[in-house]
Amino acid sequence: MDNIKSKIIFSLFTALLFVGCCNSPQEQKETLTVAKNGQIEPILTREDTINAMAMAFARQESNFDHTAVSPCGRWVGCLQLSKIMVAEANRIVGFQCFYADDDWDDRYDRQGSYAIFKIVQNYRNPNLDIDRAIDIWNSHCPTTYRENVKKYYQYNLLNYNTIENYFEI
C-alpha cells in the first residue's frame, strides 16, 4: 500500500513540476488584444493556446467527463487517452511519471490527462497547429470530428478570457 501511495505522490509531483516548469510565472491570464483589419483579436500565450486546444478535445471526446470510458474500454478519461498515449508521454519525458494500470490511472485525472496531452503535443506538434493536433490525437477521425474540434478550438481562442478552464477545476 505504501508503494502505491509513493507512486501516486511521485506521479502528481512530477506532473505538477513538469507543467509548472513549462509555465512562466510572468505569464498573465489576461490576454492582450490587437487591432487587425478593424477587428480586435486576442493574443494568447503558448500555454493559453494549448489549454484552449485541450479543452476543445475534451469537449469532443467526452463532453468534459473525466470518468468517460469508450465502449471497448481502450480509451478513458476526459481526453479519451489510451495506454499507448500514456507510454508515449513517459517516453518523451524519459521516465515513468504517468500510470495507466489497475493501481493508478492518470487518464482519469483532469490535470494528469492535460499534462499528458501537453507533453505529447509540445513534442509532436511544436507549432501547435490544430490540424496536426487532430492527426496526432485521432488520425482516422471522420470529417465531422475534425470540424467539431476546430470549431470548439476557435470558440475557446476567441473567448479564452471568459470561459472556465476545465483543467483547473
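Everything numeric in this text was worked out from a predicted model, so none of it was measured.

> Lay out the pattern of salt bridges in plain terms, naming residues and giving numbers.
Per the stated rule, a full pass over the model turns up 7 salt bridges. Ionic pairing is found between Arg-91 and Glu-88, a salt bridge with its closest N-O pair at 3.0 Å. Pair noted here: Arg-91 and Glu-88 are both in helix α3 (residues 83-93), with a separation of 3 residues, about one helical turn. In this structure Glu-88 comes out as buried when scored by relative accessible area, which is 14%. Linking Arg-146 and Asp-131 is a salt bridge whose minimum nitrogen-to-oxygen distance equals 3.2 Å. Of this pair, Arg-146 sits in helix α6 (residues 143-158) while Asp-131 sits in helix α5 (residues 130-137), placing them 15 residues apart in sequence. For Arg-146, a relative accessible area of 21% puts it in the partly exposed group. Here the residues in one salt-bridge network are Asp-131, Asp-135, Arg-146 and Lys-150, joined through shared partners.

> Residues and numbers for the environment of Gln-154, please.
By the secondary structure assignment, Gln-154 is in helix α6. Judged by relative accessible area, Gln-154 falls into the partly exposed class, the value being 42%. Once the C-alpha coordinates of Gln-154 and Ala-52 are considered, the two residues, 102 residues apart in sequence, prove to be 8.4 Å apart.

Conventions used here
Along every chain, residues carry numbers that run from 1 in the direction the sequence is written. Two thresholds apply to this predicted model, a pLDDT of at least 70 for residue-level local features and 80 or more for giving and counting side-chain atom pairs, whereas whole-chain, interface and lining totals are computed over all residues. Remark: hydrogens and water are excluded; side-chain values derive from all non-hydrogen atoms of the structure. We define a salt bridge as a side-chain nitrogen of Lys or Arg found within 4 Å of a carboxyl oxygen belonging to Asp or Glu. A helix here means a DSSP run of H or I that spans at least four residues, while a strand means a run of E at least two residues long, and both kinds are numbered starting from the N terminus. Type-normalised accessible area, obtained with a 1.4 Å probe on protein chains alone, sets the label of each residue: buried when under 20%, exposed when over 50%, and partly exposed for intermediate values.

Fair warning: the whole summary comes from geometry, so function is off the table for now.
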